[in-house]
Amino acid sequence: MEHPNIIQGGMGVGVSDWRLARAVSAQGALGVVSGTALDTVMARRLQQGDQGGHMRRGLSAFPDRALADRVLADWFRPDGTADTHDFAPLPMREAVRAEGAPVPSAAEAESRRIVDELTVAANFVEVHLAKEGQPGLVGVNYLEKVQLPNPASIYGAMLAGVDYILMGAGIPLEIPGLLDRYARGEAGEIRVYVDGAPKDTRYVARFDPAEVLAAPPASLKRPAFLAIVSSYILAATMLTRASGRVDGIVVENQTAGGHNAPPRGVLELDERGEPIYGPKDDVDYAKMVGLKIPFWLGGSYGMPDSLRASKADGATGIQVGTLFAFCRESGLLPELKRRFLKAVEAGKALVFTHPDASPTGYPFKIALLEGTLSDESVFEGRLRVCNIGLLRQPYETGDGRVGYRCPAEAPSSFEKKGGAADLAKNARCLCNALLANLGLGMSYAGARLEKPLLTVGKHLESLRLLIQRFGMDYSAVDVLAFLRAEVAGEAKT
Ligand SMILES: Cc1cc2nc3c(=O)[nH]c(=O)nc-3n(C[C@H](O)[C@H](O)[C@H](O)COP(=O)(O)O)c2cc1C
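Draft legend 1. Main features of the overall build of the protein. Within the protein, the regular secondary structure consists of 19 helices and 17 strands. On C-alpha atoms alone, the protein measures out to a radius of gyration of 21 Å, which is about the 23 Å that the 2.2 N^0.38 rule sets for 493 residues. With the principal axes as the frame, the protein shows a C-alpha extent of 60 × 50 × 50 Å. Every one of the 493 residues in the protein was classed for burial, and the buried ones make up 56%.

Put into C-alpha cells, the structure is as follows:
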C-alpha cells in the first residue's frame, strides 16, 4: 500500500473536522478528522439548527434510514441558531461487566440506544462528508484514553469507508483486532480499565452492529491502523503485542500540540513549571527503521525542509498539526485563530506545557491567551461541573459497582470518590473547554458560558513564516504548498 507522506494530524475536539480533512485529502495528503466527542459535536450542531445543512446531508447517506431519522428526532432543533448554547446533555456511557452483568433496566437500555445511535451516526457523517465527492484518503483519530465510545465510533467510521484509523494517548493494543472483527461483520469489544477491579473481573465497552443497525453489512473494508506513540519501545510493543495488524507508527515528540507523553523517569519541572525532557526522551530513528514498518514524525515538523529531513531519518513522512489548526478550514472559532495568529506575528505568542491541566494526567500544551482557561482567574471563576464525562476514570466502589470520577469535577466530589486532591488542583475540564473552542460551548448554571482553552505546538516559527507568506487567512492548500516547497515535483506527497 502506498501511504501519503504528509498526515494532517487529528485534532480534537472538532479542530480537524470534515472540512479540513476534506481539503487536505483532496490534495493527496492524508486528511484526518478528529473522532473525539463526535457524538456531542453532532448533537450540538443539530441543536444549533444544523447551519448549512451538512449534518442532515451526511445523515441522509446513512445506510439505516430509520436510525438516521431517530437521531434527527432526538437532536435536531429547526429553530436553533449559532447562538444556541442551552444544549441538552447526552446520556453518559458506562462500562459493562463482561460476565454476569445485570440486565439493563428499560431506562438504561434507552440511554444506550440514544448514545450508540448518535455515536455511530456522527462518526459515519464526519468521515462521509470528508470523503464526499473526492477520491482522496481520509483517516480518523481517536484517543485510547477515552475508551468507552471507541467501539461504536470506530464502527461508524468504518461504515463510511474510512481509510486509516490513528490512535494515540495510550497504547492501543486491542484496536487492530477490533478492526478485524468489524471488517468481518462481527460484534466487537475492548477491555476497559477499571481502577481497583480484581484482575479476573473483566469490564468492557462493546458495540454489536446487529443490536443497533437494522441490516448491518456482512463485511466492511478494514482500514489501515497507525499507532501514535512517543518512543521506539512503545512502537516495538505495538508490533509484538497488538491484537492484529499494525500498518504504521506515528512517532510524536514532546513539542507537538495537544497531549504529550510525560518525560521518562521521575517528573521534574523547570523554573517555569514545565516538565523537563532529556536525551532519554529522544527517539533513535535508526532503530525505528529496523522495525521495517512505515513511520511518520510528528512535533515541530512544519518547516519547508521537514519532509526532506524526515526522509533522511528513514521515515515515510511527517504528521503536522499546529499549522493546520489555524487555517481557514479548521473548526476553531475565527476569533480565537485571529487573536493567536496576531500574537504569533507580533512575536508575543506563548505556549506552556502544563504538567497537570489535563485530567488525563498527561502533559498538555496550552496557549496563554486572555479570556481562556489558561488564565488563572478564568479557571478559578469556572463552576466545576462534569456533564460530558469523556475523561472520567471508572473505579470499583467496593460494593461491586462501578463509579466514575474526573479530576476536573468539583474537588469535594472527586475526593469523596477516592480521588487524590493534588490531581484535582489544576485540572481543567477539557470536554467543555475544547467544545467552546468551536463555538459549541454550553451555557450552565444560569447565564454562564463555558470558556475555551487552546492547545498549540511549541514550534511557532513555522506558523510565523507561513502567515508572513500567505497572510492570516491562509488555507489548507497553502499549508501543503509550504510543506512541499522543498520536495515539489514528487509524484505524491
Ligand atoms: C489543536 C490541536 C489539537 C490536537 N488534538 C489531538 C488529538 O485529539 N489527538 C491526537 O492524537 N493528537 C492531537 N494533536 C496532535 C496533532 O495531531 C499532531 O500530531 C501534532 O500537532 C504535531 O505537532 P505540531 O503541533 O508541532 O505540528 C493536536 C494538536 C493540536 C495543535
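Draft legend 2. Main features of the sheet that holds strand β8 (residues 224–229). One open sheet holds the eight strands; their spatial order is β1-β11-β10-β9-β8-β5-β4-β2, and the pairing between them is parallel. Of all strands in the sheet, those with a lone pairing partner are β1 (6–8) and β2 (31–34), marking the two edges. Averaged over all adjacent pairs, the angle separating strand axes in this sheet is 25°, with direction ignored. Bridge analysis of strand β4 (residues 138–143) against strand β5 (residues 164–168) gives five bridges, and the strand direction is parallel. Note that in β5 the partner of valine 140 across the bridge is isoleucine 165. Here helix α1 (residues 18–25) sits on the sheet and contacts β1, β2 and β4; the angle it forms with β2, its principal contact strand, is near 170°.

Draft legend 3. How the structure looks around unusual backbone geometry. Put simply, glycine 12 and valine 13 share a cis peptide bond, and its omega is -10°. Tracing the backbone shows valine 13 in the loop between β1 and α1. Positive phi outside glycine occurs at lysine 292, with the angle close to 55°. Within the fold, lysine 292 resides in the loop between α10 (285–290) and β10 (295–298). Given a relative accessible area of 76%, lysine 292 falls into the exposed group.

Draft legend 4. The packing of α1 against helix α5 (residues 106–131), seen in detail. Orientation of α1 relative to α5, taken along the N-to-C sense of each, is 35°, at an axis distance of 8 Å. Seen from above, α1 lies across α5 with right-handed handedness. Contacts between α1 and α5 involve Trp18, Ala21 and Arg22 from the former and Glu126, Leu129, Ala130 and Lys131 from the latter. The class makeup of the residues in the contact of α1 with α5 is four nonpolar, no polar and three charged.

Draft legend 5. Main features of the nonpolar core. Residues Met42, Ile249, Phe324, Phe326 and Phe340 are the most contacted members of the largest nonpolar core, which totals 139 residues. The leading source of residues in this core is α5, at 10 residues. Not counting chain neighbours up to four residues away, the residues in contact with phenylalanine 324 comprise Gln8, Met11, Leu20, Val24, Ser330, Ala476, Val479, Leu480 and Leu483. Residues Ile7, Tyr164, Ala224 and Val250 belong to the second largest nonpolar core, which totals 10 residues.

Draft legend 6. Broad picture of the pattern of salt bridges. Tallied over the entire structure, the rule returns 31 salt bridges. For the salt bridge of aspartate 180 with arginine 222, the shortest nitrogen-to-oxygen distance reads 2.9 Å. Of this pair, aspartate 180 sits in helix α7 (residues 175–183) while arginine 222 sits in the loop between α8 (209–212) and β8, and the two are 42 residues apart along the sequence. Overall, the relative accessible area of 16% leaves arginine 222 in the buried class. Note that glutamate 376 is salt-bridged to arginine 428, the shortest N-O span being 3.1 Å. On the criterion of sequence distance, the pair formed by glutamate 376 in helix α14 (residues 376–381) and arginine 428 in the loop between α16 (421–424) and α17 (430–436) is long-range, its members being 52 residues apart. You can call glutamate 376 partly exposed: its relative accessible area is 41%. Classification of arginine 428 by relative accessible area gives buried; the value is 1%. Residues joined by salt bridges that share partners form a network here, namely Arg70, Asp74, Glu110, Arg113 and Glu117.

Draft legend 7. How the structure looks around the packing of α5 against helix α6 (residues 150–159). Axis separation between α5 and α6 bottoms out at 7 Å; the angle between their running directions is 40°. Relative to α6, α5 is oriented oblique. As for the relative orientation of α5 and α6, their crossing is right-handed in sense. Residues Asp116, Thr119, Val120, Asn123, Phe124 and Val127 of α5 form the contact with α6, whose participating residues are Ala152, Ser153, Tyr155, Gly156, Ala157 and Leu159.

Draft legend 8. The sheet that holds strand β6 (residues 188–191), seen in detail. Overall, antiparallel pairing links the three strands, which are arranged β3-β7-β6 in an open sheet. Either end of the sheet is taken by a strand with one partner, and the two such strands are β3 (96–97) and β6. Bridge count for β6 against strand β7 (residues 203–207) is four bridges, and the pairing is antiparallel. Bridge pairing in β7 links isoleucine 190 to alanine 205. Where α7 meets the sheet, it contacts β6 and β7, and its direction lies at approximately 170° from that of β6.

Draft legend 9. Molecular detail of the pairing of strand β9 (residues 248–252). In terms of residue burial, β9 counts as a mostly covered element, since four of its five residues are buried. Inspection of the sheet shows β8 paired to β9 by four bridges, in the parallel sense. The partner of isoleucine 228 across the bridge, within β9, is valine 250. Following the backbone out of β8, through helix α9 (residues 232–241) and into the adjacent parallel β9, one traces a crossover that is right-handed. Where β9 lies against β10, four bridges are found, and the strand directions are parallel. Counted as the bridge partner of isoleucine 249 is phenylalanine 295 from β10. In the classification by handedness, the crossover that spans β9, the intervening α10 and the parallel β10 is right-handed.

Reading the values: rules and limits
- Residues numbered from 1 in each chain as written.
- Predicted model: local features only at pLDDT ≥ 70, side-chain atom pairs only at ≥ 80, totals over all residues.
- Heavy atoms only, no water.
- Helix = DSSP H or I, 4+ residues; strand = E, 2+ residues; numbered from the N terminus.
- Rg over C-alpha atoms; globule rule 2.2 N^0.38 Å.
- Buried < 20%, exposed > 50% of the residue type's maximum accessible area, 1.4 Å probe, protein only.
- Pairing = 2+ DSSP bridges.
- Axes fitted to C-alpha atoms, helices over the stretch in contact; angles between N-to-C directions.
- Contact = heavy atoms within 4.5 Å.
- Left-handed = near helix turned anticlockwise from the far one by under 90°.
- Nonpolar A, V, L, I, M, F, W, Y, C, P; charged D, E, K, R; others polar.
- Core = buried A, V, L, I, M, F, W, Y, C linked by side-chain atoms within 4.5 Å.
- Salt bridge = Lys/Arg side-chain N within 4 Å of Asp/Glu carboxyl O.
- Parallel < 35°, antiparallel > 145°, perpendicular 65-115°, else oblique.
- Right-handed = clockwise from strand over helix to strand, strands pointing away.

All we've got here are geometric facts, nothing functional implied.
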